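# Residue-level structure breakdown
The chain contents come next:
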Amino acid sequence: MKTVFAKSAPGRQGVWPQAPAKDPSAYVPENLLRKTCAGLPSLSELDVVRHFSGLSRQNFGVDGNFYPLGSCTMKYNPRFMEAAANLPGFTRLHPVLPQLKGAGRHCQGALEVMYEMERLLCEICGMDAFTLHPMAGAHGELTGAMIIAAYHKDKGNKRTKIICPDSAHGTNPASAAIAGFEVVSVPSKDGMVDPEALARVLDDQVAGMMMTCPNTLGLFERRLPEIVALLRQVDALLYYDGANLNAILGKMRVGDVGFDVVHLNLHKTFGTPHGGGGPGAGPVGVSRRLTPYLPISRVVRLKDGQFFLDYDRPKSIGYVAPFYGNFGVALKAYAYILRLGREGLVRVSENAVLAANYLRKRIEKHLDIPFNRTCMHEFVASAVNLAGRGVRALDIAKALLDKGCHAPTIYFPLIVREAIMIEPTETENKATLDRFVDDLVDILSSASADPAAVLAAPRTLPVSRLDETRAARAMELTDDS
Ligand SMILES: *Cc1c(COP(=O)(O)O)cnc(C)c1O
């Protein structure tokens with residue numbers, strides 16, 4: 001596709017000034033005037049609309065097609081949330097408006113949303129307090145790891161290590177390391193954390209452990225109570241990576257089962273859009289003993305009912321984000337939670353788990369599923385049996401693109417070879433799920449009959465197979481059309 005500059009034609013314009021532009025030197029100081037032309041393209045409004053609409057159609061999104069990206073919960077993003085986030089009372093706010101009385105009345109509504117949203121998340125997760133500041137799941141992990149460090153420092157505990165299961169998402173050890181911890185990996189047994197192996201690595205240097213439950217295999221950690229008890233013995237804190245919360249909404253509250261810190265991904269579980277780098281939001285919830293360490297500011301309700309941002313928190317880990325995080329994302333998720341309500345949220349998880357198990361049962365006849373038992377909201381298949389034909393998980397993922405389906409997550413979790421991680425979410429209907437299986441079966445049979453065809457996929461997209469490292473590191477942004 002041509003760049004917008006290549007489409008430029010001299011003399012075309014989209015806006016007709018009412019009056020001829022005055023000599024700019026009359027109102028722009030001399031030192032700020034351009035010496036050379038800005039080099040903007042000359043295009044009509046229609047040219048511009050077609051250009052950007054065309055680009056948007058090349059982008060793959062949930063609005064267009066099925067997106068079974070395991071671990072990432074790519075669900076439909078309901079439009080009513082956009083309406084809520086577009087209310088001018090919110091969009092026209094300035095982040096440094098006075099908070100109280102007079103002009104402060106303009107931001108009281110936004111502060112109330114933040115306050116209420118924190119209360120809702122506390123209710124959903126069984127935590128004592130939440131902060132909405134972290135701007136992504138990984139940012140929430142870093143915030144949580146810093147809170148864990150602050151807790152131990154305050155108690156005079158010398159703690160240097162954080163434990164992560166070998167099934168952990170890569171951001172878990174990365175966040176722990178950035179927060180200054182040494183990362184200790186604990187091996188899984190039968191796809192779950194093994195308390196015996198955990199006991200072997202547990203000592204009085206351990207600050208905490210990061211867990212995902214259900215884990216990245218989509219399996220519920222059945223021995224969770226033993227794990228909690230082991231950690232409590234050495235005053236180590238338990239961190240809940242909430243990326244998989246879509247499986248347990250309204251079924252289990254992570255605070256009730258012994259987690260001390262949790263991050264949520266509003267852009268996964270609570271229906272706000274994501275992809276292309278954001279924006280997201282990764283609120284962090286904590287148990288009562290950790291509330292003093294939450295980042296500043298904290299939104300509080302004063303006796304007269306007004307809301308106020310409190311910065312006077314001596315034990316706080318400080319700022320983790322400018323202002324209050326991605327407020328618009330929190331606002332959309334707030335609308336989502338209110339619209340679904342208590343029963344709706346439970347149904348989200350029930351249907352997500354049902355859809356995943358339906359797919360698992362249909363796919364088990366065609367692909368190996370290493371830990372094949374009732375799963376939660378996702379499951380992990382393996383393409384290892386296709387190796388004899390020279391076909392890998394990557395090739396199946398690429399072939400699915402030609403069928404108009406986004407590729408599932410592949411090669412993660414690391415403990416499954418040739419992993420294909422499938423998460424359908426609750427928002428897809430049975431016909432879509434059936435079509436996905438039919439497409440997959442079709443690809444698998446062509447992998448037997450004509451592996452070369454699968455290896456050549458995708459054929460229908462603007463680009464086929466890229467050197468992914470080079471594409472990211474040595475981007476070519478020139479127009480070669
Ligand atoms: C997505 C994900 C994360 C990281 O969240 P981001 O919002 O992408 O930073 C962490 N853990 C798991 C299991 C995830 O799926």
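A separate point is the overall build of the protein chain. Helix and strand counts for the protein chain stand at 13 helices and 14 strands. Here the C-alpha atoms of the protein chain give a radius of gyration of 25 Å, agreeing with the 23 Å that 2.2 N^0.38 yields for 481 residues. By the burial criterion, 48% of the 481 residues in the protein chain qualify as buried. Partitioning the intrachain contacts of the protein chain with sequence separation of at least 6 by distance along the chain shows that 70% fall at a separation of at least 24. Just so you have it, the protein chain exposes about 23500 Å², and 55% of that area is on carbon and sulfur atoms. Looking at charge distribution, the protein chain has the averaged site of its 54 positive side-chain charges lying 3 Å from that of its 50 negative ones.

Considering all chains together, one arrives at 28 salt bridges under this definition. Between Glu123 and Arg342 there is a salt bridge, with its nearest N and O atoms 3.6 Å apart. Taken together, the positions of Glu123 in helix H4 (residues 101-125) and Arg342 in helix H9 (residues 327-363) put the pair 219 residues apart, joining distant regions of the chain. In this structure, Asp235 and Arg289 form a salt bridge, with 3.6 Å as the shortest nitrogen-oxygen distance. With a gap of 54 residues between them, Asp235 in the loop between helix H8 (224-233) and strand E7 (237-242) and Arg289 in the loop between strand E9 (284-286) and strand E10 (298-301) connect regions that are remote in the sequence. You can call Arg289 partly exposed: its relative accessible area is 32%. The network of salt bridges with common partners includes Lys155, Arg232, Asp235, Asp260 and Arg289.

Reading across the sheet, the three strands line up as E12-E14-E13 and stay open at both edges, with antiparallel pairing between neighbours. Unpaired on one side and paired on the other, strand E12 (379-382) and strand E13 (409-410) mark the two borders of the sheet. Of the strand pairs in this sheet, E13 and strand E14 (residues 419-422) are connected by two bridges, and their pairing is antiparallel. Its bridge partner being in E14, Ile410 is matched across the sheet by Ile420. Contacts from H9 reach E12 and E14 within the one sheet, and its direction differs from that of E12 by about 20°.

Quick look at the nonpolar core now. Counting residues in hydrophobic clusters, the biggest one holds 66 residues, and the most contacted among them are Met209, Tyr240, Val254 and Phe270. For this core, the element with the highest residue contribution is H9, accounting for 12 residues. Mapped onto the domain boundaries, this core takes at least three residues apiece from domain 2 (81-339) and domain 3 (347-472). Ignoring anything within four residues of it in the chain, the contact list for Val254 reads Cys125, Met127, Tyr240, Ile248, Phe259 and Val262.

A few words on the sheet that holds E9. Strand order in this open sheet of seven strands is E1-E9-E8-E7-E6-E2-E3, and the pairing throughout is mixed. Looking along the sheet, the strands with just one partner apiece sit at the ends: strand E1 (129-131) and strand E3 (182-186). For this sheet, the mean angle separating the axes of adjacent strands, direction not counted, is 25°. Relative to strand E6 (residues 206-211), strand E2 (residues 161-165) runs parallel, the two being bridged by three bridges. Bridge pairing in E6 links Lys161 to Val206. Against the sheet, helix H5 (residues 137-155) makes contact with E2, E6, E7, strand E8 (261-264) and E9, and its axis sits at roughly 170° relative to E7, the strand it touches most.

Along its sequence, the protein chain is carved into domain 1 (1-54), domain 2 (81-339) and domain 3 (347-472). For domain 1 and domain 3, the distance between their C-alpha centroids amounts to 46 Å.

To continue, consider unusual backbone geometry. Following Phe412, the chain continues to Pro413 via a peptide bond in cis, the omega torsion being 0°. Structurally, Pro413 is set in the loop between E13 and E14. Residue Pro458 is bonded to the preceding Ala457 through a cis peptide linkage, with omega at 0°. In this fold, Pro458 is placed in the loop between helix H12 (451-455) and helix H13 (468-473). A positive phi angle is found at Tyr411, which is not glycine, with a value near 60°. Tracing the chain through its elements places Tyr411 in the loop between E13 and E14. A positive phi is found at Glu418, a non-glycine position, where the angle reads about 50°. You can see Glu418 is positioned in the loop between E13 and E14.

Moving on to the site of the ligand. Around the ligand sit Ser71, Ala136, Gly137, Ala138, Glu141, His169, Thr171, Asp241, Ala243, Asn265, His267 and Lys268, and that is every residue in its neighbourhood. Ser71 places a polar side-chain atom, nitrogen or oxygen, 2.6 Å from an oxygen atom of the ligand. Between the ligand and Asn265, the relevant distance is 3.0 Å, taken from an oxygen atom to a side-chain nitrogen or oxygen of the residue. Expressed as a share of its isolated accessible area of 380 Å², the protein-covered part of the ligand is 88%. The element that contributes the greatest number of residues to the shell around the ligand is H5, accounting for three residues.

So, how was this worked out
Residue indices follow the written sequence of each chain, beginning from 1 at its first position. Only residues with pLDDT of 70 or above have their local features reported here, since the model is predicted, and side-chain atom pairs are shown and tallied only from 80 upward, although totals for entire chains, interfaces and linings are computed over all residues. Side-chain numbers come from the whole structure's heavy atoms, not from hydrogens or water. A run of H or I in DSSP becomes a helix once it reaches four residues, and a run of E becomes a strand once it reaches two; helices and strands are each numbered from the N terminus. It is over C-alpha atoms that the radius of gyration is taken, and the globule rule equals 2.2 Å times the number of residues to the power 0.38. Relative accessibility under 20% of the residue-type maximum defines a buried residue, over 50% an exposed one, and the middle range a partly exposed one, all with a 1.4 Å probe and only protein chains included. Contact between two residues is taken to exist if any of their heavy atoms lie within 4.5 Å; hydrogens are not considered. Surface exposure here means Shrake-Rupley accessible area, sampled with a 1.4 Å probe, where a residue is shielded only by the protein chains that are shown. Neither His nor the chain termini are counted; the positive set is Lys and Arg, and the negative set is Asp and Glu. Charge placement uses NZ in Lys and CZ in Arg. For Asp and Glu, CG and CD serve respectively. When a carboxyl oxygen of Asp or Glu lies within 4 Å of a side-chain nitrogen of Lys or Arg, that pair is called a salt bridge. By the convention used here, strands pair only if DSSP detects at least 2 bridges between them. Helix axes are fitted only over the stretch in contact, all axes being lines through C-alpha atoms; the angle between N-to-C directions runs from 0 to 180 degrees. Buried residues of nine kinds, namely Ala, Val, Leu, Ile, Met, Phe, Trp, Tyr and Cys, make up a nonpolar core once their side-chain atoms join them within 4.5 Å. An automatic or database domain assignment supplies the start and end points of every domain. Working definition: residue near molecule or strand if any one of its non-hydrogen atoms lies within 4 Å of it. For this analysis, a polar contact is any N or O atom pair within 3.5 Å, provided that within protein one partner can donate a hydrogen and the other can accept it, and provided that sequence-adjacent residues contribute only side-chain to side-chain pairs.

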